[in-house]
Amino acid sequence: MSEHDHDHHHDAPANPYHRSDRSPERDEALTERVKKIEALLIAKGLVDKAALDKLVDLYENDLGPLNGAKVVARAWVDPDFKRRLLTNATAAIAELGFGGLQGEHMVVVENTPQVHNVVVCTLCSCYPWPVLGLPPTWYKDAAYRSRVVIDPRSILTEFGTTLDDNVEVRVWDSSAEIRYLVLPERPAGTQHLSEDQLVKLIDRDSMIGVKKVQIS
Amino acid sequence: MSEERLTRPDIAEMAGTSALPRKSGELVFHNEWERRAFAIAVSLAEQGQFEWSEFQQQLIESIAAAERDDPQNPGRGYYESWLESLEAVLRRKHLLSDRAD
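Residues numbered from 1 in each chain as written. Chains lettered and ligands numbered in written order. Predicted model: local features only at pLDDT ≥ 70, side-chain atom pairs only at ≥ 80, totals over all residues.

A. Spotlight on the nonpolar core. In terms of nonpolar packing, the biggest core is built from 43 residues, with Val72(A), Leu181(A) and Ile202(A) touching the most fellow members. Considering every element that reaches this core, the biggest residue donor is helix 3 (residues 66–77) of chain A, with seven residues. Excluding residues within four positions of it along the chain, Val72(A) makes contact with Leu183(A), Pro184(A), Ile202(A) and Met207(A). Among the nonpolar cores identified, the runner-up in size contains 27 residues, and Leu30(A), Phe38(B), Val42(B) and Trp82(B) belong to it. (Core = buried A, V, L, I, M, F, W, Y, C linked by C-beta atoms within 7 Å. Buried ≥ 20, exposed ≤ 12 C-beta atoms within 10 Å, placed from the backbone. Helix = DSSP H or I, 4+ residues; strand = E, 2+ residues; numbered from the N terminus. Contact = placed C-beta atoms within 7 Å.)

Right, dumping it as structure tokens:
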């Protein structure tokens, strides 16, 4: 967790039941209840401590940008879906079965030959995690968060993305209420690829907008 | 893209009241027991000791019960309802007794 990942209202949990306001005594009692279950299950050979630790680790570091790639690939092959995605992204993404957002709205911005979009959260690290998984470390860095607003082209160059001078760069600032996702351009020479094959081309960085989708 | 997903979407991406508490995508645990209770339930479901949908349904009911009196000030937190649900499901599966059944 970085030093910028502090608590403030902008990023506060939306639901009251997420809050912890228990007394130390109550936590002690709950700790005992869980220990009892764990000991019982260990005795039955159903769980072991190391496996449990590993499991929490997996879920805490869950990377799920595949969902976003599926959204983008569908938009590339299905013009009706793309229209719905650009007008009401939250609903269109839910059509594919991806949800779990807690009150945030998704907005999808489309890259074209004239416009290149890039996403940031200048205040902290708001991020469309149901479609992109956890944010990369650099997304939370103060350097990225401030510089991409002031000089997006130089940041993009550092990611290996060079844009023509006549391309307009738009920077979108995510918040607790609105999470942006970039719909990258479909690369030339991919007309023969199936939707599943297209999904494999689309990586996280292209949906944040710091890179273009490349044919690998 | 080569990242293989090792977690189950039906667990990681539960929607509505049963959605895992997160902050910018990262799971939020206030105490170590919450982390243990999370891992035990997920581990048993991944082994097929119970269906995740059964646990989730129990969790939804448990959260609703906690919010019944005052939705803004529920009687217990998310992982307390989680623990209630875990105990209830384990009891149904006869996994909460000392006997090795």
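B. Highlighting the pairing of strand 4 (residues 178–183) of chain A. All names here are of chain A. With five of its six residues buried, strand 4 lies for the most part within the structure. Two elements, strand 1 (residues 105–110) and strand 4, share six bridges in a ladder whose sense is parallel. The residue of strand 4 that forms the bridge with Met106 is Arg179. (Pairing = 2+ DSSP bridges.)

C. A look at helix 2 (residues 32–46) of chain B. Compared with the 21 Å implied by 1.5 Å per residue over 15 residues, the 21 Å span of helix 2 of chain B between its first and last C-alpha is a close match. Buried residues dominate helix 2 of chain B, accounting for 12 of its 15 residues. Looking at helix 2 of chain B, one finds that the buried residues are Trp33(B), Glu34(B), Arg35(B), Arg36(B), Ala37(B), Phe38(B), Ala39(B), Ile40(B), Ala41(B), Val42(B), Leu44(B) and Ala45(B). Considering only its buried residues, helix 2 of chain B is in contact with helix 1 (24–43) and helix 2 (49–60) of chain A together with helix 1 (9–12), helix 3 (52–67) and helix 4 (78–92) of chain B. Positive phi appears at Gly48(B), one or two residues downstream of helix 2 of chain B, with a value of about 85 degrees. (Expected span 1.5 Å × (residues − 1).)

D. Seen up close, the environment of Asp27(A). Relative to the helices and strands, Asp27(A) resides in helix 1. Aside from chain neighbours lying at most four places away, what touches Asp27(A) is Arg22(A) and Asn31(B).

E. Region of interest: the confidence of the model for chain A. All names here are of chain A. Considering every residue of chain A, the mean pLDDT works out to 85; 85% of them sit at 70 or more. When the elements of chain A are averaged for pLDDT, helix 6 (residues 129–132) gives the smallest value, 77, and helix 4 (residues 79–87) the largest, 97. Contacts from residues 1–17, a stretch scored under 50 in pLDDT, to residues over four places away or in other chains number 32 contacts. (pLDDT = per-residue confidence, 0-100.)

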